[in-house]
Amino acid sequence: VEQYYDSSAAALVMKADTTIASSIKFKNSAGSDIFDFGMVSGNFTATGDVQSNSDERLKENIETINNALEKVSNMRGVYFDMKSRPGVRKVGLIAQEVENVLPEVVSTDPNGENIKSVAYANIVGLLVEAIKELKSDVDQLKG
């Protein structure tokens, strides 16, 4: 395993010969896996929950998402194969399409090819509001 700082990417890089090591694991003092970074698959596995700070005290300019159902309707769920992993079927969204609807959840890596990523967990708020809109419609139809 090689570890170095890549100043052009401003990143700490861990590089391993994947014929010898297929993952980088972080273990606790009891020897149990805590994190597993799949060097071949690209998967990240945590034995606990992956959490984001969401405390109200850390936020300002809080607004409820309006027209959430319309935004969800303008997104397209897709099946796809990653070019880097032929034959491995995935499901998700296309970052460029999401960016047109909800740019707050899309980021672009400024290095190299400007690859776009989606913060999937950050879409939950939109989905909650869309479900509430649907419930309101159902409640009106029920009378």
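Residues numbered from 1 in each chain as written. Predicted model: local features only at pLDDT ≥ 70, side-chain atom pairs only at ≥ 80, totals over all residues. Heavy atoms only, no water.

**Examining the nonpolar core**
Ranked by size, the top nonpolar core spans 13 residues in total, and within it Met75, Val98, Leu102, Val105 and Ile123 carry the most contacts. Of all the elements, helix 2 (residues 95-101) adds the most residues to this core, at three residues. (Core = buried A, V, L, I, M, F, W, Y, C linked by side-chain atoms within 4.5 Å. Buried < 20%, exposed > 50% of the residue type's maximum accessible area, 1.4 Å probe, protein only. Helix = DSSP H or I, 4+ residues; strand = E, 2+ residues; numbered from the N terminus.)

**Observations regarding the packing of aromatic side chains**
One pass over the structure, following the stated rule, counts four aromatic pairs. For the ring pair Phe26 and Phe35, a centre distance of 6.1 Å and an interplane angle of 80 degrees mean the geometry is edge-to-face. The interplanar angle of 25 degrees and the centroid separation of 5.7 Å between the aromatic rings of Phe35 and Phe44 together place this pair among those described as stacked. Owing to a relative accessible area of 34%, Phe35 belongs among the partly exposed residues under this scheme. The class for Phe44 is partly exposed, based on a relative accessible area of 40%. Feature note: the residues Phe26, Phe35, Phe37 and Phe44 constitute an aromatic cluster, connected by ring pairs. (Phe/Tyr/Trp six-rings, centres within 6.5 Å; stacked < 30°, edge-to-face > 60°.)

**Concerning helix 3 (residues 124-142)**
In this model helix 3 runs 27 Å from its N-terminal to its C-terminal C-alpha over 19 residues, within 8% of the 27 Å that 1.5 Å per residue would give. Every buried residue of helix 3 is accounted for by Leu126, Glu129 and Ala130. Along the axis of helix 3, the buried positions cluster into a sector of 105 degrees, meaning they face one direction only. Turned more than 90 degrees from where helix 3 packs its buried face, Ile131, Lys135 and Lys142 sit exposed. Just downstream of helix 3 lies Gly143, where phi reads positive at about 80 degrees. (Expected span 1.5 Å × (residues − 1). Arc of directions from axis to C-beta.)

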